[in-house]
Amino acid sequence: MFTGIVEEIGTIQSIKKQNPTTELTIQCEKILSDMHIGDSISVNGTCLTVVRFDATSFTVQVIAGTEDKTYLGQLSTGQSVNLERALLATGRLGGHFVQGHVDDKGVILNIKQSRNEWIYTIKAPNHILKQMIPQGSIAVDGVSLTVFKKEATSFDIHLIPETRKATILSMKKQGDPVHLETDMLFKYVENITRQNDGVTVDSLLRAGF
C-alpha cells in the first residue's frame with residue numbers, strides 16, 4: 001500500500017530482458033536507506049518487488065502481465081521514474097490509499113500553464129472515467145492528485161510547482177502515456193452497488209464504509 005506521495009525521482013540504469021520477466025535496475029539515493037530484498041516499491045505507480053540492491057541502485061522484476069497493462073516495457077535507460085516506498089503503519093497518509101495496481105493507461109492531451117499551476121488534460125478509457133468523480137482522488141504515474149474536471153473522454157488535474165518539481169510529471173509532454181489507478185474505496189462501493197441495486201446507507205455502513 002502506498003500514499004501517492006513521491007519520495008524520490010530515480011533513473012533507469014539498465015534494462016535486462018529475461019523471458020518471461022524484465023529486470024529494471026534503478027539508480028536512486030533516499031529510498032535505499034532502509035531497503036530489504038522483497039520490499040515493495042512503487043515505480044511510476046506500479047508496485048514492484050526488490051530482488052537486488054546495492055549502495056546506489058536496486059533491481060525489480062516486471063512480469064509479462066504487468067508489462068501488458070503498463071508502459072514499463074517502453075522505458076529506456078536514462079529515463080526518470082517516480083519512486084515511493086510502501087506505507088508504514090506509523091506514517092502519515094499525505095495522499096490517499098494507492099495499491100500500486102495500475103488500472104489502465106491514459107494519454108496527456110494538453111498541458112496548460114496558468115499563473116501558479118499547470119493544468120493537465122488526460123484522455124482515459126471509459127471504465128476508468130466511470131470510477132472517477134470531480135474532487136475525487138486519482139493516482140497518475142503514482143502521484144496522488146485531485147480530479148478537478150471530468151469530461152466524456154478525459155479529465156483535468158492541476159499541479160502546483162512543488163508537485164511538478166518533485167515528480168516526473170514536469171517531464172511529461174503532450175502525447176505521453178501515464179499510468180492511472182482509481183480510488184480503491186470507489187471500487188468497493190461500485191462493486192457493492194452492482195451486486196445490490198437496493199443499496200442503502202445502512203448496507204454501506206455494514207460493509208465498513
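In the annotation of an unreviewed UniProt entry, the entry for the chain reads Riboflavin synthase, and the organism field reads Staphylococcus rostri. Taken directly from UniProt, the Catalytic activity (unreviewed entry) text for the chain runs: "2 6,7-dimethyl-8-(1-D-ribityl)lumazine + H(+) = 5-amino-6-(D-ribitylamino)uracil + riboflavin". Per UniProt, the chain carries the Pathway (unreviewed entry) text "Cofactor biosynthesis; riboflavin biosynthesis; riboflavin from 2-hydroxy-3-oxobutyl phosphate and 5-amino-6-(D-ribitylamino)uracil: step 2/2."

Caption draft 1: Molecular detail of the side chain of Thr22. Tracing the backbone shows Thr22 in strand E2 (residues 21-27). Setting aside residues up to four positions removed in sequence, Thr22 forms contacts with Ile15, Lys16, Lys17, Val60, Gln61, Val62 and Glu67.

Caption draft 2: Region of the structure containing the pattern of salt bridges. Applying the stated rule across the entire model yields 8 salt bridges. The partner of Arg85 in a salt bridge is Glu7, with the nearest N and O atoms 2.7 Å apart. With a gap of 78 residues between them, Arg85 in strand E6 (residues 80-85) and Glu7 in the segment before strand E1 (8-18) connect regions that are remote in the sequence.

Caption draft 3: Region of interest: the side chain of Thr163. Tracing the backbone through its elements, the reader meets Thr163 in helix H3 (residues 161-166). For Thr163, a relative accessible area of 18% corresponds to the buried category. The contact partners of Thr163, leaving out residues within four places of it in the chain, are Val143 and Leu145.

Caption draft 4: Quick peek at the sheet that holds strand E8 (residues 118-123). Around the barrel, which closes on itself, the 6 strands sit in the order E7-E8-E11-E10-E9-E12 with antiparallel pairing between neighbours. Taking the axes of each pair of neighbouring strands and ignoring which way they run, one obtains an average angle of 45 degrees across the sheet. Note: strand E9 (residues 137-140) against strand E10 (residues 143-150), 4 bridges, orientation antiparallel. By the bridge assignment for E10, Ser137 is matched with Thr146.

Caption draft 5: Spatial organisation of the packing of aromatic side chains. Counted by the stated rule, this structure contains 0 aromatic pairs. When the ring centre of Trp118 is taken as origin, the NZ or CZ atom of Arg164, which lies over that ring, is 4.1 Å away.

Caption draft 6: Spatial organisation of the pairing of strand E4 (residues 46-53). Where strand E3 (residues 40-43) and E4 come together, 4 bridges link them in antiparallel fashion. Along E4, the bridge assignment pairs Ile41 with Leu48. Where E3 hands over to E4, the hairpin turn is made up of 2 residues, of which Asn44 adopts a positive phi near 50 degrees. Pairing of E4 with strand E5 (residues 57-63), which is carried by 3 bridges, proceeds in the antiparallel orientation.

Caption draft 7: Representation of the sheet that holds E4. Read around the barrel, 6 strands follow the order E1-E2-E5-E4-E3-E6 and close on themselves; strand pairing throughout is antiparallel. Pairwise comparison of adjacent strand axes, ignoring direction, gives a mean angle of 45 degrees for this sheet.

Caption draft 8: Unusual backbone geometry, seen in detail. With an omega dihedral of 10 degrees, the bond running from Asn19 to Pro20 counts as a cis peptide bond. Tracing the backbone through its elements, the reader meets Pro20 in the loop between E1 and E2. The phi dihedral of Asn44 is positive, around 50 degrees, even though this residue is not glycine. Assignment of secondary structure puts Asn44 in the loop between E3 and E4. The backbone phi angle of Asp141 is positive, close to 55 degrees, even though this residue is not glycine. Within the secondary structure layout, Asp141 lies in the loop between E9 and E10.

Caption draft 9: Main features of the environment of His179. Residue position: His179 is located in strand E12 (residues 177-182). Expressed as a C-alpha distance, the spacing of His179 and His101, which sit 78 residues apart in the sequence, is 9.6 Å. Once you skip the residues sitting within four places of it in the chain, His179 turns out to touch Asn44, Thr46, Thr70, Tyr71, Leu72, Val102, Asp104, Lys105, Ala139, Val140 and Asp141. Reaching out from His179, the side chain makes a polar contact with the backbone nitrogen of Tyr71 at a distance of 3.0 Å.

Here is what the cut-offs are and how they apply
Residues numbered from 1 in each chain as written. Predicted model: local features only at pLDDT ≥ 70, side-chain atom pairs only at ≥ 80, totals over all residues. Heavy atoms only, no water. UniProt positions renumbered as here; feature names shortened; annotations may be inferred. Helix = DSSP H or I, 4+ residues; strand = E, 2+ residues; numbered from the N terminus. Contact = heavy atoms within 4.5 Å. Salt bridge = Lys/Arg side-chain N within 4 Å of Asp/Glu carboxyl O. Buried < 20%, exposed > 50% of the residue type's maximum accessible area, 1.4 Å probe, protein only. Pairing = 2+ DSSP bridges. Axes fitted to C-alpha atoms, helices over the stretch in contact; angles between N-to-C directions. Phe/Tyr/Trp six-rings, centres within 6.5 Å; stacked < 30°, edge-to-face > 60°. Lys NZ or Arg CZ within 6 Å of the ring centre and 35° of its normal. Polar contact = N/O pair within 3.5 Å; in protein donor to acceptor, adjacent residues only side chain to side chain.

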